[in-house]
Amino acid sequence: MAILSIPDQHITEKNPSEIRRFLNDRGVFFDQWDAPVNFEDSATPEEILAAYAGDLNPFMEAGGYKTADVITINHLTENYEAIRAKFLAEHTHSEDEIRYFVDGQGLFWFHLENGQNGEEVFNLLCEKGDLISVPAGTMHWFDAGETNPFVKAIRIFIDMSGWVPVYTDSKIEERYNQFIVPSH
Ligand SMILES: [Fe+2]
């Protein structure tokens, strides 16, 4: 279950409908699907995609999304430090970054400018069952933690080339660079 945090305001929100309202007000799509399936480490992407086809296929059809795959980060991931660094620097993409968390957890950081609330930085802890779409062009970064990372997520694309990160070099993430998982 997702947790929303606004560190500068010391706000933490755990109520799913409040989180959804907050994100939707800012043009960020968020949903939660039932995630009853527990996968072994050896589960293949095909097995995972098939297990969620009932939610995934209508969602992809409605949004015009063409491909989906599965990303796994765990204790077996090689060069995790380098992979983490790529996600951790603030960037944008030319298409929406959509992730459905099948297992594990990760922190999406959003940096919105010039919204109705001025400049805002907040994060969303995504866990099993959470679906998040970071809109194209939105400044963001992602962290699965310095140690013991565990993420298993379905990635949904229109065109994979749209997911190439465009770095802002703002270094804003260094002001917030910490993986603090709020307690449930
Ligand atoms: Fe990204």
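Anything mentioned here points back to the structure above.
We now turn to the structure provided with this report. Along each chain, residue indices are assigned from 1 in the same order as the chain's sequence is written. Confidence filtering applies because this is a predicted model: local features only for residues at pLDDT of at least 70, side-chain atom pairs given and counted only at 80 or more, and all residues used for totals across whole chains, interfaces and linings. Side-chain figures throughout are based on the complete set of non-hydrogen atoms in the structure, without hydrogens or water.

1. Observations regarding the overall build of the protein chain
So, step 1. A run of H or I in DSSP becomes a helix once it reaches four residues, and a run of E becomes a strand once it reaches two; helices and strands are each numbered from the N terminus. Secondary structure summary: the protein chain contains 5 helices and 11 strands in total.
So, step 2. The C-alpha atoms of the protein chain give a radius of gyration of 16 Å, which matches the 16 Å a tight globule of 184 residues would have.
So, step 3. Principal-axis analysis of the C-alpha atoms gives the protein chain an extent of 40 × 35 × 35 Å.
So, step 4. A buried classification covers 46% of the 184 residues belonging to the protein chain.
So, step 5. Considering only residue pairs separated by 6 or more positions, the protein chain has 75% of its internal contacts joining residues 24 or more positions apart. The globule rule used here is 2.2 Å times the number of residues to the 0.38 power, and the radius of gyration it is set against is calculated over C-alpha atoms. Burial classification: accessible surface area is computed with a 1.4 Å probe over protein chains only, and a residue below 20% of its type maximum counts as buried, one above 50% as exposed, and the rest as partly exposed. We call two residues in contact whenever any of their non-hydrogen atoms come within 4.5 Å of each other.

2. Concerning the environment of Ala 51
So, step 1. Positionally, Ala 51 belongs in helix α2 (residues 45-51).
So, step 2. Judged by relative accessible area, Ala 51 falls into the partly exposed class, the value being 38%.
So, step 3. In this structure, the C-alpha to C-alpha distance between Ala 51 and Arg 84, residues 33 residues apart in sequence, is 28 Å.
So, step 4. Ignoring any residue separated from it by four or fewer positions in sequence, one finds Ala 51 in contact with Val 37 and Phe 39.

3. Quick look at the coordination of the iron ion
Tetrahedral coordination by four donors puts the ideal angle at the metal at 109.5 degrees, and octahedral coordination by six puts it at 90 or 180 degrees.
So, step 1. Each metal site is built from N, O and S donor atoms within 2.8 Å (3.2 Å for Na, K and Ca), and since water is not included, such sites may look incomplete. Those protein atoms acting as donors to the iron ion are His 91 (NE2), His 93 (NE2), Glu 97 (OE) and His 140 (NE2), and they sit at 2.0 to 2.2 Å.
So, step 2. Bound by 4 donor atoms, the iron ion shows angles of 82 to 171 degrees at the metal and therefore irregular coordination geometry.
So, step 3. Read N to C, the donor residues that coordinate the iron ion are spaced as H-x1-H-x3-E-x42-H. Of this pair, Glu 97 sits in strand β6 (residues 97-115) while His 140 is found in strand β9 (residues 139-143), placing the two residues 43 residues apart along the sequence. The pair formed by Glu 97 and His 140 is uniform in burial state, with each residue classed as buried. Only four donors with every angle between 85 and 135 degrees are called tetrahedral; only four or six donors with opposite donors over 155 degrees apart and all others between 65 and 115 are called square planar or octahedral, in that order; all others are irregular.

4. So, the side chain of Asp 69
So, step 1. Among the structural elements, Asp 69 can be located in strand β4 (residues 67-73).
So, step 2. Exposure remark for Asp 69: the relative accessible area of 17% places this residue in the buried category.
So, step 3. When residues no more than four places from it in sequence are discounted, the contact partners of Asp 69 are Leu 49, Ala 153, Ile 154, Arg 155, Phe 157 and Met 160.

5. Thoughts on the side chain of Arg 84
So, step 1. Of note, Arg 84 is situated in helix α4 (residues 80-88).
So, step 2. What Arg 84 contacts, discounting residues up to four positions off in sequence, is Asp 143, Gly 145, Glu 146 and Asn 177.

6. What to know about α4
So, step 1. Taken together, the buried positions of α4 are Tyr 80, Arg 84, Phe 87 and Leu 88. Considered in projection along α4, the buried side chains sweep an arc of 95 degrees and stay on one side of the axis.
So, step 2. Each element contacted by the buried residues of α4 is listed here: β4, β5 (91-92), β9 and α5 (173-176). Note: the arc covers the axis-to-C-beta directions of the helix.

7. Side note on the nonpolar core
Within soluble globular proteins, side chains that are nonpolar generally end up buried alongside one another.
So, step 1. Remark: nonpolar core denotes a set of buried residues (Ala, Val, Leu, Ile, Met, Phe, Trp, Tyr, Cys) joined through side-chain atoms within 4.5 Å. Grouped together as the largest cluster of nonpolar side chains are 24 residues, with contacts concentrated most on Leu 23, Phe 108, Phe 110, Phe 122, Leu 124 and Ile 132.
So, step 2. Those elements giving two or more residues to this core turn out to be β1 (3-6), α1 (16-25), α4, β6, β7 (118-127), β8 (130-134) and β10 (151-157).
So, step 3. By residue number, the principal contributor to this core is β6, which donates 4 residues.
So, step 4. For Leu 124, the contacting residues outside a window of four places in its chain are Ala 2, Ile 3, Leu 4, Ile 19, Leu 23, Phe 30, Gly 106, Leu 107, Phe 108, Phe 110 and Ile 132.
So, step 5. Counting residues in hydrophobic clusters, the runner-up holds 17 residues, among them Ile 48, Ile 98, Leu 131 and Ile 154.

8. A word on the pattern of salt bridges
So, step 1. Just to be clear on terms, a salt bridge is a Lys or Arg side-chain nitrogen sitting within 4 Å of an Asp or Glu carboxyl oxygen. Using the criterion set out here, one finds 7 salt bridges in the structure.
So, step 2. Its salt-bridge partner being Arg 20, residue Asp 31 comes within 3.2 Å of it at the nearest N-O pair. Highlighted residues: Asp 31 in strand β3 (residues 29-32) and Arg 20 in helix α1, separated in sequence by 11 residues.
So, step 3. With relative accessibility at 18%, the residue Asp 31 sits in the buried group.
So, step 4. For Arg 20, a relative accessible area of 30% corresponds to the partly exposed category.
So, step 5. For Arg 21, the salt bridge is made with Asp 25, and the minimal N-O distance between the two is 3.2 Å. Of the two residues, Arg 21 and Asp 25 are both situated in helix α1; the distance of 4 residues between them amounts to about one turn of the helix.
So, step 6. Of the residues examined, Arg 21 reaches a relative accessible area of 43% and is grouped as partly exposed.
So, step 7. For Asp 25, a relative accessible area of 43% translates into the label partly exposed.
So, step 8. Members of the salt-bridge network, linked through shared partners, are Glu 18, Arg 21 and Asp 25.

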